[in-house]
Every structure is written in C-alpha cells, then in structure tokens.
Amino acid sequence: MAVMDIITLPDPILRKQSLPVERIDDDLRRLIDDMLETMYKAPGIGLAGIQVGVDRRLFVMDVSREENNPICMINPEIITRSEELNVHEEGCLSIPDYYAEVERPKIVTMKFLDRFGKEQQMELDEVGATCAQHEFDHLNGALFIDYLSKLRRDRVIKKFAKLAKQKEKNIL
Ligand code: GNR
Ligand code: NI
C-alpha cells in the first residue's frame, strides 16, 4: 500500500470531468486501497480519484469514528435526494485549512459498484450524505466552494493561487 500525493487548488485537474470506470480488476483494487490509506493518513473522511490525479468515477469514504467502515463507490449515481436539507461544515483535502457551511439534501440513496463489481445501493444520512455528495461533486469537477457566494469563492481561489506562486518562487 502507498500514500499518494493529494492535488490542491488551484490545480485545474480538479475541474476535470471524470470518466466511468471500465474494468474492476486487481489494479483498480490496489488503487482503492492506496486511496483509503491516503485518506486515513491525511486524515480525511472521503477522497475522490481526481484528488490523486485519477480521472475515473470512483471515491472512497469512511465516516465512522473508529475508521473501520471503509466504503468505495465506483460509477456512483445519486438515485434519490430528500427534500429536507441539512447544513454541514465542509472541508476538502484539496483546499487545505478552509471550512465553510454548505446546505445539501439531508438523505441520499446512492447506487454504485463495489470493489468486486457488484451493484450496491445505500442510503446515507447526515455526515454520510454530506460526504457522499461532496465526493460525487468531485467526479464532475465541482468543489464545495462552488456553493458559496462568488465573493467568498474568488477570495479562496485567489489565496491559493497566491500561495502556489510563492511556493514556485521558493523553489527557483
Ligand atoms: O475530510 C473531509 N472532510 C469533510 C468534511 C465535511 C464534508 C466533506 C468532507 S470530505 C473531506 C475530504 C475530501 O476532500 N474529500 O473530497
Ligand atoms: Ni474534497
């Protein structure tokens, strides 16, 4: 198993649309295990392929306190969204040290393939629903800051662009 590098803002890769996973084989299962290790190490409660540079429709998550409930969703679909909404503070490993409240459906039902290619359905609530929707967004190039006002979003993007420039300078 290996810890992978996590891509952060303002890397344009994060805005890429991910493509369906076509083959679920040992190589993919190895990637899933590496993504889980990377997520636990961060630490985070979710990680999408695109965050480690893999533009395929899969993500891992674990919202259990004991870190003993790893879930991997391949080619996920959100098949139901509750009318009731829920506000949750969100963060993203690709936008380090920035947090904001986001309103999303409180309960979602996800349909996906598991690591063995078996079709699964799962209802998620509260943090689980928030996390699954946040990860699903990553597969479409969306980030939680897209739900904020343009002013706040632009401020965050600007801050990370400036930071990246500074880092570049320090290397040269
Ligand atoms: O670690 C993470 N925590 C989190 C908190 C609230 C809502 C969503 C998340 S997901 C995030 C990890 C991440 O960036 N996944 O894409
Ligand atoms: Ni994220």
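Shown above is the structure to which this text applies.
If you're wondering where the values come from, they're calculated on a predicted model, not measured in any experiment.

Here's the deal with the overall build of the protein
Phase 1 of the analysis: A tally of helices and strands in the protein yields three helices and seven strands.
Phase 2 of the analysis: At 16 Å, the protein has a C-alpha radius of gyration in line with the 16 Å of a compact globule built from 172 residues.
Phase 3 of the analysis: For the protein, the spread of C-alpha atoms along the principal axes amounts to about 50 × 40 × 30 Å.
Phase 4 of the analysis: Among the 172 residues that make up the protein, the fraction classed as buried is 43%.
Phase 5 of the analysis: Residue pairs in contact within the protein that sit at least 24 positions apart in sequence constitute 65% of those at least 6 positions apart.
Phase 6 of the analysis: When the accessible area of the protein is evaluated, it comes to approximately 9,900 Å², of which 50% is carbon and sulfur surface.
Phase 7 of the analysis: Seen as two clouds, the 25 positive and the 31 negative side-chain charges of the protein have centres 8 Å apart.

Quick word on helix α2 (residues 126–139)
Phase 1 of the analysis: Spanning 14 residues, α2 covers 21 Å between terminal C-alpha atoms, matching the ideal 20 Å at 1.5 Å per step.
Phase 2 of the analysis: For α2, the buried fraction is high: twelve of the 14 residues fall into the buried class.
Phase 3 of the analysis: One or two positions beyond α2, positive phi appears at G141, with a value near 75°.

Some thoughts on the nonpolar core
Phase 1 of the analysis: If you look at the biggest cluster of nonpolar residues, it comprises 16 residues, and the most contacted ones within it are F59, M61, M73, V108, M110 and L124.
Phase 2 of the analysis: At five residues, α2 tops the list of elements feeding residues into this core.
Phase 3 of the analysis: Leaving out residues up to four positions away in the same chain, M61 has contacts with M39, I45, G46, N69, P70, I71, M73, L124, G128, C131 and A132.
Phase 4 of the analysis: Membership of the second largest hydrophobic core comes to 14 residues, among which are A100, I145, V156 and F160.

Quick word on the site of ligand 1
Phase 1 of the analysis: Inspection of the region around ligand 1 gives 13 residues, with I45, Q51, L93, E135 and H138 positioned closest.
Phase 2 of the analysis: Contact distances for ligand 1 include 3.2 Å between a nitrogen atom and a backbone N or O atom of G46.
Phase 3 of the analysis: Between Q51 and ligand 1, the recorded distance is 2.8 Å, taken from a side-chain N or O atom to an oxygen atom.
Phase 4 of the analysis: Coverage of ligand 1 by the protein amounts to 90% of the 380 Å² it exposes when considered alone.
Phase 5 of the analysis: Looking at the shell around ligand 1, the elements with two or more residues in it are β4 (85–92) and α2.

Considering the coordination of the nickel ion (ligand 2)
Phase 1 of the analysis: Each protein donor to the nickel ion (ligand 2) is listed here as C92 (SG), H134 (NE2) and H138 (NE2); together their distances run 2.1 to 2.3 Å.
Phase 2 of the analysis: For the nickel ion (ligand 2), the donor residues sit on a single chain with the sequence spacing C-x41-H-x3-H. Placement of the pair is C92 in strand β4 and H138 in helix α2, with a sequence separation of 46 residues. Just as C92 is buried, H138 falls in that class too.

What counts and how
- Every chain is numbered on its own, with residues counted from 1 as its sequence reads.
- Going through the entries in the order they are written, you letter the chains from A and number the ligands from 1.
- Reporting in this predicted model follows two pLDDT cut-offs: at least 70 for local features of residues, and 80 or more for side-chain atom pairs to be given and counted; totals over whole chains, interfaces and linings ignore these cut-offs and use all residues.
- As a convention, hydrogens and water are excluded, and side-chain values are obtained from all of the structure's heavy atoms.
- A run of DSSP states H or I qualifies as a helix once it reaches four residues; a run of E qualifies as a strand once it reaches two. Both are numbered from the N-terminal end.
- Only the C-alpha atoms count toward the radius of gyration. The rule for a globule is 2.2 Å times the residue count to the power 0.38.
- The rule is simple: take the accessible area with a 1.4 Å probe, protein chains only, and divide by the maximum for that residue type; under 20% is buried, over 50% is exposed, in between is partly exposed.
- The contact definition used throughout considers only heavy atoms, calling two residues in contact when any of these lie within 4.5 Å.
- Accessible surface area values rest on a Shrake-Rupley calculation with a 1.4 Å probe, where residue burial reflects the displayed protein chains alone.
- The sign given to each residue is positive for Lys and Arg and negative for Asp and Glu; His and the chain ends receive no count.
- Just so you know, the charge point we use is NZ for Lys, CZ for Arg, CG for Asp and CD for Glu.
- Each residue after the first adds 1.5 Å to the expected span of a helix.
- The set of buried Ala, Val, Leu, Ile, Met, Phe, Trp, Tyr and Cys residues whose side-chain atoms join them within 4.5 Å is what this entry labels a nonpolar core.
- Throughout, the term near means that a residue has one or more heavy atoms lying within 4 Å of the molecule or strand in question.
- In the analysis that follows, any N or O atom pair within 3.5 Å is treated as a polar contact, provided that within protein one partner can donate a hydrogen and the other can accept it, and provided that, for residues neighboring in sequence, both atoms belong to side chains.
- Keep in mind that water is not among the atoms, so a site may look incomplete; donors are the N, O and S atoms within 2.8 Å of the metal, or 3.2 Å for Na, K and Ca.

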